Amino acid sequence: MTLVAGIDSSTQSTKVVICDDTTGTVLREGRAPHPDGTVADPESWWQALTNATEGLLDDVAAIGVAAQQHGMVALDEQGAPVHPALLWNDNRSAQAAIDLTRELGGPQACAEAIGTVPVASLTASKLRWLAEHEPHLADRVTDVLLPHDWLIWRLTGEFVTDRGDASGTGYWSPREGRYRQDVLATAFGGRTPRTPRVLAPAEAAGRTRDGKLVSAGTGDNMGAALGLDVRPGDVVVSLGTSGTVFASVDKPSADPTGQIAGFADATGRFLPLVCTLNAARVLTATAAMLGVEMAEFDRVACGAEPGAGGLALLPYLDGERTPILPDASGTLLGLRRDNMTPENLARAAVEGMLCGLAAGVDALRADGVEVARVLLIGGAAQSRAVQVAAPLIFGVPVTVPAPAEYVARGAARQAAWALAGTAQPPEWALPGAAELEVVDSEAGARIRELHHRAFTQVHGETA
Ligand SMILES: Nc1ncnc2c1ncn2[C@@H]1O[C@H](COP(=O)(O)OP(=O)(O)O)[C@@H](O)[C@H]1O
Ligand SMILES: O=C(CO)[C@@H](O)[C@H](O)COP(=O)(O)O
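Worth saying up front: this structure is predicted, and the values here are computed from it rather than measured.

Definitions and limits used
- Residues numbered from 1 in each chain as written.
- Chains lettered and ligands numbered in written order.
- Predicted model: local features only at pLDDT ≥ 70, side-chain atom pairs only at ≥ 80, totals over all residues.
- Heavy atoms only, no water.
- Pairing = 2+ DSSP bridges.
- Helix = DSSP H or I, 4+ residues; strand = E, 2+ residues; numbered from the N terminus.
- Axes fitted to C-alpha atoms, helices over the stretch in contact; angles between N-to-C directions.
- Polar contact = N/O pair within 3.5 Å; in protein donor to acceptor, adjacent residues only side chain to side chain.
- Contact = heavy atoms within 4.5 Å.
- Near = heavy atom within 4 Å.
- Areas by Shrake-Rupley, 256 points an atom, 1.4 Å probe, with all protein chains shown as cover.
- Parallel < 35°, antiparallel > 145°, perpendicular 65-115°, else oblique.
- Left-handed = near helix turned anticlockwise from the far one by under 90°.
- Nonpolar A, V, L, I, M, F, W, Y, C, P; charged D, E, K, R; others polar.
- Disulfide = S-S within 2.5 Å.
- Buried < 20%, exposed > 50% of the residue type's maximum accessible area, 1.4 Å probe, protein only.
- UniProt positions renumbered as here; feature names shortened; annotations may be inferred.
- Phe/Tyr/Trp six-rings, centres within 6.5 Å; stacked < 30°, edge-to-face > 60°.
- Lys NZ or Arg CZ within 6 Å of the ring centre and 35° of its normal.

**Student:** Help me out: how do you make sense of the sheet that holds strand E18 (residues 261-264) in this one?
**Tutor:** Where strands meet in a sheet, backbone hydrogen bonds hold them as pairs that are either parallel or antiparallel. Taking strand neighbours across the sheet as the criterion, the seven strands line up as E18-E19-E17-E16-E22-E23-E24 in an open arrangement whose pairing is mixed. Looking at strand neighbours, the two that pair on one side only are E18 and strand E24 (433-436), the edges of this open sheet. Sheet twist, expressed as the average angle between the axes of neighbouring strands with direction ignored, equals 25°. Taken together, the four bridges between E18 and strand E19 (residues 270-276) define a ladder with antiparallel strand orientation. Opposite Phe263, over in E19, you have Leu271 as the bridge partner.

Okay, here's the thing in structure tokens:
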């Protein structure tokens, strides 16, 4: 049996799976936490990767790495970061995104050029922030990498990336399949640092010092799409640190409203994606406020009726990316003496988080994406309260794949693909799944309406 490793270096932790390359069966797993925060020393990812893979890689033939998207790793001539990496969830670049959008000719021109209207998360916005606020550091930058590119560089010594992660920079065009040096120069005050070579989906990045093949790697959402083998009609909702909604399609998106980021995927297709800043941590923060563990939180939330007695939580605890409200905070509306219970509050947290993602499903549908079912993954997909509320709020059948690290599985599948050198990735059967049917679509519609009214009341119709 040949073994392949998949590594997911996401916001909160690094996860590793060791799989059989022909079936995808997971034989061993590892994980290690990342420090909290919206900036990071890339060395902390390397340390976590080293800890999470300890003793797991000896008999592995190939390695794939998927990581959190967009993070700005700006290196000097010696290969040292000139500034701690600014992560996707760091909002200091919000004004830079607005300025960059204007300089590039407005939202429509941006969507056409780079597939996405810049928001604070994009690497291009972060480079603009660096150029404006730390010009002496910007002058020293020779290479700009993303988190997965940096890890691949540490593993192989090569400066390479893939089209999936490149499409999240804001200076690589999914439609044209090439870097837009003009956009990079505009973002970075006329500077044009080197960018990593974009590999084909099954191309290898290189080898580790001890001879293991390393595949191109990709962004974590592209990794999940590969790990789930997403098909037409499937829309994935991932409830990790971020909440993401995405699908695999054959044409690039160009949404001038800025809701949908028109990314590329890791197979040669496209991955329109809506991303919220507030997902699993809305639940953990609410649980902490109620003074309960997550298992108890689920029990409490399931004790409330759909609609949480009229409570609506707009869960913008870390600001928000979609809708574009980087400076927002959370709002709880509808409190009365008779509905002010822990049960309703817990349920409102679940419903508020899911309503933001349901708006993302609507946006993809409006963009022409077929929505036959939602595939629910990520840490918070394991919450029973989430599983109860999700079919109501999404209004379509929800499939919860067996608990697994799907980003890491996608990275492992890419490694197996690079090893095989075949035209298509290996067929890996998915482990079992729970199917959740919509039981009361009227209750779901009422919850969506409650949140829409709450949103309009606080942020206006067009925010
Ligand atoms: N049963 C659960 N209910 C709610 N949240 C959960 C549950 N299990 C894990 N989580 C949360 O999921 C998050 C981790 O999800 P994950 O998809 O691994 O995130 P990321 O990939 O962004 O690091 C953590 O915030 C964790 O607290
Ligand atoms: O910025 C995005 C997508 O555009 C995020 O989805 C990041 O890629 C972080 O992912 P998680 O750590 O939440 O999985």
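Still more to cover.
**Student:** What exactly am I supposed to notice about the side chain of Lys212 here?
**Tutor:** Structurally, the position occupied by Lys212 is in the loop between strand E13 (204-207) and strand E14 (213-215). A polar contact of 3.3 Å, which involves the side chain of Lys212, links it to the backbone oxygen of Asp58. In this structure the side chain of Lys212 is engaged in a polar contact, spanning 3.3 Å, whose partner is the backbone oxygen of Val60. If near-sequence neighbours (up to four positions away) are discounted, Lys212 is found in contact with Leu57, Asp58, Val60, Ala61, Ile63, Gly206 and Arg207.

**Student:** Just checking my understanding: could you explain the site of ligand 2 for this structure?
**Tutor:** Taken together, the neighbourhood of ligand 2 is formed by 15 residues, with Thr11, His70, Asp220, Ser242 and Arg321 sitting nearest. Here an oxygen atom of ligand 2 sits 2.4 Å away from a polar atom, N or O, in the side chain of Thr11. Between ligand 2 and the protein, one listed contact pairs an oxygen atom with a side-chain N or O atom of Ser242 at 2.6 Å. Computed on the free molecule, ligand 2 has an accessible area of 370 Å², of which 95% lies beneath the protein chains in the complex.

**Student:** Would you explain the packing of helix H12 (residues 342-366) against helix H13 (residues 384-394) in this entry?
**Tutor:** Each pair of packed helices can be described by the angle between their axes along with the distance between the axes. Here H12 crosses H13 at 40°, and the two axes come no closer than 9 Å. Judged by the angle between their axes, H12 and H13 are oblique. Seen along the crossing, H12 lies across H13 with a hand that is right-handed. Residue-level inspection shows Arg347, Val350, Glu351, Met353, Leu354, Cys355, Leu357, Ala358 and Val361 of H12 in contact with H13, the latter providing Ala385, Val386, Val388, Ala389, Ala390, Leu392, Ile393 and Phe394. Among the residues forming the contact of H12 with H13, the class breakdown is 15 nonpolar, no polar and two charged.

**Student:** Would you explain the state of the cysteines in this entry?
**Tutor:** Here is the idea: a disulfide is a covalent bond, and it sits between the sulfur atoms of two cysteines. Scanning the model with the defined rule gives zero disulfides in all. For the unlinked cysteine Cys275, the closest cysteine sulfur is that of Cys355, found at 17 Å. With no disulfide partner, Cys355 has as its closest neighbouring cysteine sulfur the one in Cys302, 16 Å distant. With relative accessibility at 8%, the residue Cys355 sits in the buried group.

**Student:** Any chance you could explain the side chain of Arg128 here in plain terms?
**Tutor:** Inspection of the secondary structure assignment puts Arg128 in helix H4 (residues 123-133). Here Arg128 falls in the buried class, since its relative accessible area comes to 13%. For Arg128, the contacting residues outside a window of four places in its chain are Ala96, Asp99, Leu100, Glu103 and Ala187.

**Student:** Please clarify how the site of ligand 1 should be interpreted in this entry.
**Tutor:** The local shell around ligand 1 holds 16 residues, among which Ser10, Gln12, Lys15, Thr241 and Gly379 are the closest. Here Lys15 contributes a side-chain N or O atom positioned 2.5 Å from an oxygen atom of ligand 1. In this structure, Thr241 approaches ligand 1 through a side-chain N or O atom, which is 2.5 Å from an oxygen atom. Contact with the protein chains removes 76% of the 590 Å² of surface that ligand 1 exposes when unbound. If you list the elements that add at least two residues to the shell around ligand 1, you get strand E2 (13-20) and helix H10 (280-290). At three residues, the largest contribution of residues to the shell around ligand 1 is made by H10. Residues that form the shell around ligand 1 fall into these classes: three nonpolar, eleven polar and two charged.

**Student:** Just to check I follow, could you spell out the UniProt feature "domain: Carbohydrate kinase FGGY C-terminal" (unreviewed entry) in the protein chain for this structure?
**Tutor:** Within this numbering scheme, the UniProt entry marks residues 236-419 as carrying the feature "domain: Carbohydrate kinase FGGY C-terminal" (unreviewed entry). Split by type, residues 236-419 is 38% helix and 18% strand. Its first and last C-alpha atoms lie 27 Å apart.

**Student:** Sorry, what's going on with helix H9 (residues 220-228) here?
**Tutor:** For the α-helix, the turn length of 3.6 residues means that residues three or four positions removed from each other point alike. In terms of burial, H9 is a largely internal element, nine of the nine residues being buried. Turning to H9, its buried residues number three or more, namely Asp220, Asn221, Met222, Gly223, Ala224, Ala225, Leu226, Gly227 and Leu228.

**Student:** Can you walk me through the packing of aromatic side chains in this structure?
**Tutor:** Two aromatic rings, taken as a pair, are described by how far apart their centres are and by the angle between their planes. Per the counting criterion, the structure on display carries five aromatic pairs. On the basis of an interplanar angle of 25° and a centroid distance of 6.3 Å, the ring pair of Tyr171 and Tyr179 is categorised as stacked. Note on Tyr171: relative accessible area 3%, which makes it buried. By relative accessible area, which is 15% here, Tyr179 ends up buried. Seen in terms of ring centroids, Tyr316 and Phe455 are 6.4 Å apart; in terms of plane orientation they differ by 80°. Their pairing is edge-to-face. Of this pair, Tyr316 sits in the loop between strand E20 (312-314) and strand E21 (331-333) while Phe455 sits in helix H15 (residues 441-459), and the two are 139 residues apart along the sequence. You'll find Tyr316 and Phe455 in the same group, each marked buried. Ring pairing ties together the aromatic residues Trp45, Trp150, Trp153 and Phe159, which thus form one cluster. Over the face of the ring belonging to Trp46 we find Arg154, whose NZ or CZ atom lies 4.7 Å from the ring centre.

**Student:** Can you walk me through the UniProt feature "site: Important for activity" (unreviewed entry) in the protein chain in this structure?
**Tutor:** The sites that carry the UniProt feature "site: Important for activity" (unreviewed entry) are, in the present numbering, Asp8. For Asp8, the position within the fold is in strand E1 (residues 3-9). When residues no more than four places from it in sequence are discounted, the contact partners of Asp8 are Ser13, Thr14, Lys15, Ala66, Asp220, Val407 and Ala408. At 2.4 Å, the side chain of Asp8 forms a polar contact with the side chain of Ser10.

**Student:** Looking at this structure, I do not really get H13. What am I missing?
**Tutor:** Along H13, nine of the eleven residues are buried, which leaves the element largely enclosed by surrounding structure. Listed as buried for H13 are Ala385, Val386, Gln387, Ala389, Ala390, Pro391, Leu392, Ile393 and Phe394. By the N-cap criterion, in which a side-chain oxygen at the helix start approaches the backbone nitrogen of a residue two or three places on, H13 is capped by Ser383, the distance to Ala385 being 3.3 Å. Immediately downstream of H13, the backbone of Gly395 shows phi near 70°, a positive value.

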